[in-house]
Protein chains: 2
Amino acid sequence: MKTVVFRLGYRPIRDKRVNTHLALVARAFGTSGMIMEDLDNGVVKAVRSVESRWGGKFFIQTRNWKSYLKDWKGIKIHLSMYGLPLDEVMEEIVFRDEDILVIVGAGKVPGDIYNLVDYNISIGTQPHSEISALAVFLDRLYKGKELDRDFNGKLRVIPSQRSKKFVRS
Amino acid sequence: MKTVVFRLGYRPIRDKRVNTHLALVARAFGTSGMIMEDLDNGVVKAVRSVESRWGGKFFIQTRNWKSYLKDWKGIKIHLSMYGLPLDEVMEEIVFRDEDILVIVGAGKVPGDIYNLVDYNISIGTQPHSEISALAVFLDRLYKGKELDRDFNGKLRVIPSQRSKKFVRS
């Protein structure tokens, strides 16, 4: 089951770091890549820099959201503070075992998104962050196993109670 | 079991939105408040604005991190990409049933933090975001129940498959 993130909406100054955090979460929590509507060089640079040290292969592309959603073969999920509670739909989504496009918005999203996806899912009903919404969704989807994935990077963390320990290969 | 977040480190321009997202996650995922080293008016304003509509009571304070940690009665946990895997320590933490201070850094943290806490916990061993690290930690700690909490706000979301539905009281 492949997952891809579509980052909908973009406010260049306000969302600069937020977009980077979002891409790093998408990568660290096991998705294949992130699509944006406009190119954000800061995001590409940050992800490539992480990749060169910590491994993995994560794609970043720019595409029109409507046509990308239309062409997506698999499940389309929009995360927000509205929609159905995560717990109510997760079992069905896992059971379907199809590729998943996860759409996360910045601020206001186009209203028609609610009708263009298969599921509108609410990660709680309080405002928080698309970064946390994505992380919790993927953590529940992959049942925590995404955190053990081997990225086969030059650097590798060695679990340690009292220090910042890692090895270089 | 009360939880409080300490936001360690602060880079005013770079972290502006990130700090706000972090505070909103702390609030939405059930902690009582967030402490920072320096006052960030943007964070206070954003949280108060959310609170006035969506309810709850979340405190924001500024304090020196070393003295705050020293005075904390309960468990001190530092989240990062180093430390022990979440799964290995969560059961013990829940079993201890004490108040928890969750420390999350921005970029580089002072090295002595690793010795001043009870647990260094790694949310995966890949770089991602303090926002996602905090959300996943709290989601695991509260076993998802934090997402159902009633904030008793003027606005309340009504779960809905196809629309942005809420009521005003």
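Predicted model, so just to flag it, every value in this text is computed and none were measured. (Residues numbered from 1 in each chain as written. Chains lettered and ligands numbered in written order. Predicted model: local features only at pLDDT ≥ 70, side-chain atom pairs only at ≥ 80, totals over all residues. Heavy atoms only, no water.)

## Considering the sheet that holds strand β3 (residues 59-62) of chain B
Residues and elements named next belong to chain B.
Working step 1: The seven strands lie next to each other as β3-β2-β1-β6-β4-β7-β5, forming an open sheet whose pairing is parallel. The strands lining the two open edges of the sheet, one partner per strand, are β3 and β5 (84-85).
Working step 2: Bridging between strand β1 (residues 3-8) and strand β2 (residues 33-36) involves four bridges; their strand directions are parallel. Across the sheet, Val4 pairs through a bridge with Gly33, a residue of β2.
Working step 3: Where helix α6 (residues 130-141) meets the sheet, its contacts fall on β1, β4 (75-80), β6 (100-105) and β7 (119-122), and the angle it forms with β6 comes to roughly 160 degrees. (Pairing = 2+ DSSP bridges. Helix = DSSP H or I, 4+ residues; strand = E, 2+ residues; numbered from the N terminus. Contact = heavy atoms within 4.5 Å. Axes fitted to C-alpha atoms, helices over the stretch in contact; angles between N-to-C directions.)

## Overview of the relation of the copies chain B and chain A
Working step 1: It takes a turn of 180 degrees to lay chain B on chain A, together with a shift of 0.0 Å along the axis; the resulting RMSD is 0.0 Å. This pairing of chains is accounted for by a two-fold axis. Taking C-alpha positions as reference, the residue of chain B nearest the rotation axis is B:Ser132, located at 2.3 Å. (Least-squares fit on C-alpha atoms with pLDDT ≥ 70 in both.)

## A short note on the confidence of the model for chain A
Working step 1: Overall, the prediction assigns chain A a mean pLDDT of 94, with 97% of residues at 70 or greater.
Working step 2: Interface predicted TM-score (ipTM) for the complex: 0.96; the corresponding pTM is 0.97. (pLDDT = per-residue confidence, 0-100.)

## Observations concerning the pairing of strand β3 (residues 59-62) of chain A
Where a strand is regular, its side chains alternate between the two sheet faces.
Working step 1: Across four bridges, strand β2 (residues 33-36) of chain A lies against β3(A) in parallel orientation. Bridge pairing in β3(A) places A:Met36 opposite A:Thr62.

## Observations concerning the interface of chain B and chain A
Interface size is often expressed as the accessible area that is lost when the parts come together.
Working step 1: Contacts between the two partners involve 48 residues from chain B, matched on the other side by 49 residues from chain A.
Working step 2: In total, chain B and chain A occlude about 4,600 Å² of area from one another, counting both sides; carbon and sulfur atoms represent 60% of this.
Working step 3: Considering only the surface of chain B that becomes buried against chain A, B:Tyr82, B:Gln126 and B:Arg162 emerge as the three largest contributors, covering 14% of it.
Working step 4: For the interface between chain B and chain A, the tally reads two salt bridges.
Working step 5: Of all the elements in the fold, those that place two or more residues in the side of chain B that touches chain A are α1 (16-28), α2 (41-54), β5, α5 (113-116), β7 and α6 of chain B.
Working step 6: Of the residues belonging to the side of chain B that touches chain A, the class tally is 24 nonpolar, 14 polar and 10 charged. (Buried area = accessible area lost by both parts, 1.4 Å probe. Salt bridge = Lys/Arg side-chain N within 4 Å of Asp/Glu carboxyl O. Nonpolar A, V, L, I, M, F, W, Y, C, P; charged D, E, K, R; others polar.)

## Some words on the packing of aromatic side chains
Residue and element names in this part refer to chain A.
Working step 1: On inspection of all chains with the given rule, the structure shows eight aromatic pairs over all chains.
Working step 2: Look at Tyr68 and Trp72: their rings are 6.0 Å apart centre to centre, the planes differ by 35 degrees, and that puts the pair in the tilted class. The pair Tyr68 / Trp72 is uniform in exposure class, with both members buried.
Working step 3: Ring pairs connect the aromatic residues Phe6, Tyr68 and Trp72, which therefore count as one cluster.
Working step 4: Positioned above the aromatic ring of Phe151 is the side chain of Arg149, whose terminal nitrogen or guanidinium carbon lies 4.2 Å from the ring centre. (Phe/Tyr/Trp six-rings, centres within 6.5 Å; stacked < 30°, edge-to-face > 60°. Buried < 20%, exposed > 50% of the residue type's maximum accessible area, 1.4 Å probe, protein only. Lys NZ or Arg CZ within 6 Å of the ring centre and 35° of its normal.)

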